[in-house]
Amino acid sequence: MKASCKSIIISLFSVIYICLFSMSALAVGPTLAFSDLTDGPNNGLGDGFGDGTIITVWGHGLGVIEGKAFLEGNDGTKYQASHIYYWRKADGNLPGGPANLYKSHRLYEVAFSISADTPLGSYKIVLETDSGKFTSNSLDFEVRPGRIRHVKPDGNNYEGEGSFSNPWQFVNGRAHQALTPGRFARGLVQEGDIVYTHGVVESVANYPHADGFDKEAIVLTGWKGSDKNRMALVSYPNTRSIARGDAVGIDSYESSYVVVSKYQLEAGSFIDPLDDSPTRTEPPSAYQISGIQHGRIVGNLMIDKEGWCTNGAAGAIVAGSEKAEGLKALGNHIFDVGCRQTSHFQHTIYWTIRNPNNIKIEPWEFSWNFLEDNKARNGIHMYDEVRGGTQCSDFVSGSKINIHNNVVVNQRGAGIFVGTSSRIQEDGSHPPCWTADFDIANNVLINVGLGPVAEVLNGTAPYGISLGGTVGGNFTVRNNAVFGVSDEGSRSYLRDGEVWTSSPAIVAHSGEGFSTLTVKNNVFVADYPMTLLETDDPTAIRKNNNWYLLPHPELSSENLNTYMGDINIENYVNPNIEKDGYYLNYAAKPKIENIEQNSQESITLENYSDPIVPDVSENQLGIYGGFIKDGTLGPIGKFMSPPKAPIVATPPPTPVVR
């Protein structure tokens, strides 16, 4: 049943966010996180407002009062934007894009058009707030020749030329009309074209497919760009374009270097029964968008079709083989996908290489995304195994996979899952499936590892982070915050006549010992006496972590090591323990000031629900350390530095247990 596991209230989530992101952002002034477009022309927009490419950027501390946007050249010359379409909180409402990243990351969103006076060449995107502060970092952008095209509901694919005043009508490259911009070979689009859609709603019902294979709302066929000459499909400012597929929102075929930005993507496998009936495994597999080789999927909202449920063996973003190569997913909001009946084969995202030809691909990236209230098993799910060939496909030598600055809330299955399974060879060797380093950093996981169990024989994933299998390389888990792991429905279930109850916050099994593990500078808050790190790697490095376990009837000083692990326990605190001069305690409900630029908002814990997480402020939880010897404790956004260490409570106040 949808929306059945929303145990964390929004006000509490906001408080946690303020501790983790806003304070650090303000410490160094406004910062930029990412953009949708990285290259485009300086003219051809034709909307009567701007000149060239409309770029959308997301950042911290930008405020809601319009400032100025520039492209800055290598010589320091700044070219001011020709028009700013909006400068606002990234709250998912028009005129902005559909991804509510203000709720998760406190991000702001700015859309502007570059000036025709900007010469061709390489630039840095910088913003200046209304108070005269420049962003402390910049983002790359290449001004190059090219075209800008438009699609509107009242356009015409046969008579239109794709201009603002004479637009096309729809995009889908597999629709019944042969002449569509979605099919590159039909000649409407060219390499490097940026296509802005204006409130266009595409579905199979509106535009039936010519071949009867009616499940995708949009198929991009043969859209091929290059590193500095990308093609793009972007929802125009103050409009909401939707791809509403019978089973697939947007798919791609033989496409590469394409940007898809600010779309609402919908899909479904079957009508949600709205009950607790058993798991279903019948086709079709549904997904909101497929991967695109060297593509950028940015700032989109991904949901199930109203009244429907996604299922199968895919994910909201499903990427495999070449479609996963070099893929970047940035700032997407994946909300409430899946239902009680969703199979364990369906994931919130599912990225793999799976190819019988044993290919090697360039690394992918998954960052700044918000995964909220999803019932598909596992949030960030990256997995591979041998299928067809004798070995797994792999990444190119020296690859590093970045999984950073994501927020995952109320997730069935593990918040983050990275694992593989390879095959013993005829000569007895057992090579790793993937060989790459994984950097899992600055993520916030709240209430993850939830049930219910899908198919019992395939178990469940009552974990915060699950890593391992036959992966060669280094796993680094750093500066993450995990608040609440598993529930009764996930950590205790009947299988083969036994009750299974294992539910560590992090589980990392290295298989044949190919990989190394470093866990440092993390904050863990558990409401159940679980093992916080379960690993078979005796060389695993653990340092500067803050293990925080709420009071529980099964916890005592005698069995503490059973739950915390008996190796390198450091910085463990509970309301009755003062350690290393730092004290954590339950306190009266605090009022946390939301000290953002141009805002006097405050957030109060109104509907506190024990025992998900304690009432905490940034001073009490120690997000920024205070007693650690090196590094910073907890998530700190990219390009940011920590504020001053919190004040240590001396002597410790009397705990107030709820």
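This is a predicted model, so every value here is computed, not measured.

**Student:** Please set out the environment of Glu 488 residue by residue, giving values where relevant.
**Tutor:** Relative to the helices and strands, Glu 488 is located in helix α3 (residues 488-491). Judged by its relative accessible area of 52%, Glu 488 falls in the exposed class.

**Student:** If you had to explain the layout of surface pockets to someone new, which residues and values would you point to?
**Tutor:** Approximately 580 Å³ is the volume attributed to the second largest pocket. Where the lining of the second largest pocket is concerned, the elements lending two or more residues are β1 (31-35), β8 (121-128), β9 (139-143) and β25 (328-330). Tallying contributions element by element places β9 first for the lining of the second largest pocket, with four residues.

**Student:** I'd like to hear about the sheet that holds strand β6 (residues 83-89), residue by residue, with values.
**Tutor:** Here we have four strands laid out as an open sheet, ordered β1-β3-β7-β6, and antiparallel in their pairing. Taken across any chain shown, the strands that pair with only one partner, and hence form the sheet edges, are β1 and β6. The average undirected angle you get between the axes of adjacent strands in this sheet is 25°. The pairing of β6 with strand β7 (residues 108-113) spans six bridges and is antiparallel. Of the residues in β7, the one forming a bridge with Arg 88 is Glu 109.

**Student:** Which residues make up the side chain of Thr 239, and what values do they have?
**Tutor:** Here Thr 239 is to be found in the loop between β14 (231-235) and β15 (242-244). The class of Thr 239 is buried, set by a relative accessible area of 17%. Of the polar contacts made by the side chain of Thr 239, one reaches the backbone oxygen of Tyr 236; its length is 2.7 Å. Aside from chain neighbours lying at most four places away, what touches Thr 239 is Leu 94, Thr 197, His 198 and Gly 199.

**Student:** An account of the packing of aromatic side chains is needed here, citing residue identities and associated values.
**Tutor:** Under the definition given, this model contains 18 aromatic pairs. When the centroid spacing of 6.0 Å and the interplanar angle of 75° are considered together, the rings of Tyr 85 and Tyr 236 count as edge-to-face. Linking Tyr 85 in strand β6 with Tyr 236 in the loop between β14 and β15, this pair joins segments that are 151 residues apart in sequence. The pair Tyr 85 / Tyr 236 is uniform in exposure class, with both members buried. Centre to centre, the rings of Tyr 102 and Tyr 108 are 5.7 Å apart; their planes meet at 75°, and the pair counts as edge-to-face.

**Student:** Lay out the state of the cysteines in plain terms, naming residues and giving numbers.
**Tutor:** Under the defined criterion, the tally for this structure stands at two disulfides. Between Cys 309 and Cys 339 runs a disulfide, and the two sulfur atoms are separated by 2.1 Å. When the S-S torsion is -95°, as for the bridge of Cys 309 with Cys 339, the disulfide is left-handed. Placement of the pair is Cys 309 in strand β23 (residues 308-309) and Cys 339 in the loop between β26 (333-335) and β27 (347-351), with a sequence separation of 30 residues. Between the sulfur of Cys 392 and that of Cys 433 lies a disulfide, 1.9 Å long from S to S. On the sign convention where negative is left-handed, the bridge of Cys 392 and Cys 433, at about -100° about the S-S bond, is left-handed. Residue Cys 392 is found in the loop between β31 (380-385) and β32 (394-395), and its partner Cys 433 is found in the loop between β35 (416-421) and β36 (434-435); the two are separated by 41 residues along the sequence.

**Student:** Could you give me a rundown of the pattern of salt bridges, with the residues and numbers involved?
**Tutor:** Within the structure shown, the criterion is met by 16 salt bridges. In this structure, Glu 72 and Lys 78 form a salt bridge, with 3.8 Å as the shortest nitrogen-oxygen distance. Accessibility expressed as a relative area gives 22% for Glu 72, which makes it partly exposed. Two residues, Asp 336 and Lys 375, come together in a salt bridge whose shortest N-O distance is 2.7 Å. Of this pair, Asp 336 sits in the loop between β26 and β27 while Lys 375 sits in the loop between β30 (370-374) and β31; the two residues are 39 residues apart in sequence, bridging distant segments of the chain. Considered together, Asp 336 and Lys 375 belong to a single accessibility category, that of buried residues.

**Student:** I'd love a proper account of the environment of Thr 518, names of residues and values included.
**Tutor:** Mapped onto the fold, Thr 518 is located in strand β45 (residues 515-520). In this structure the C-alpha to C-alpha distance between Thr 518 and Phe 475, which are 43 residues apart in sequence, comes to 6.3 Å. For Thr 518, the contacting residues outside a window of four places in its chain are Phe 475, Thr 476, Val 477 and Ile 541.

**Student:** Describe unusual backbone geometry, listing the residues and the values that go with them.
**Tutor:** Geometrically, the link from Leu 94 to Pro 95 is a cis peptide bond, its omega value of 10° lying close to zero. Note that Pro 95 resides in the loop between β6 and α2 (101-105). Residues Gly 451 and Pro 452 are joined by a peptide bond in cis, for which omega reads 5°. Its location among the elements puts Pro 452 in the loop between β38 (444-448) and β39 (465-469). In the Ramachandran plot, Leu 274 falls in the positive-phi region, its phi being about 55° despite a non-glycine side chain. Classification of Leu 274 as exposed rests on a relative accessible area of 52%. In the Ramachandran plot, Ser 486 falls in the positive-phi region, its phi being about 75° despite a non-glycine side chain. Topologically, Ser 486 is positioned in the loop between β41 (481-485) and α3.

Conventions and cut-offs
- Residues numbered from 1 in each chain as written.
- Predicted model: local features only at pLDDT ≥ 70, side-chain atom pairs only at ≥ 80, totals over all residues.
- Heavy atoms only, no water.
- Helix = DSSP H or I, 4+ residues; strand = E, 2+ residues; numbered from the N terminus.
- Buried < 20%, exposed > 50% of the residue type's maximum accessible area, 1.4 Å probe, protein only.
- 1 Å grid on protein atoms, 1.4 Å probe; cavity = no way out; pocket = protein on both sides within 12 Å on 5 of 7 lines; lining within 4 Å.
- Points joined across faces, edges and corners; volume = space filled by probe spheres on them.
- Pairing = 2+ DSSP bridges.
- Axes fitted to C-alpha atoms, helices over the stretch in contact; angles between N-to-C directions.
- Polar contact = N/O pair within 3.5 Å; in protein donor to acceptor, adjacent residues only side chain to side chain.
- Contact = heavy atoms within 4.5 Å.
- Phe/Tyr/Trp six-rings, centres within 6.5 Å; stacked < 30°, edge-to-face > 60°.
- Disulfide = S-S within 2.5 Å.
- Salt bridge = Lys/Arg side-chain N within 4 Å of Asp/Glu carboxyl O.

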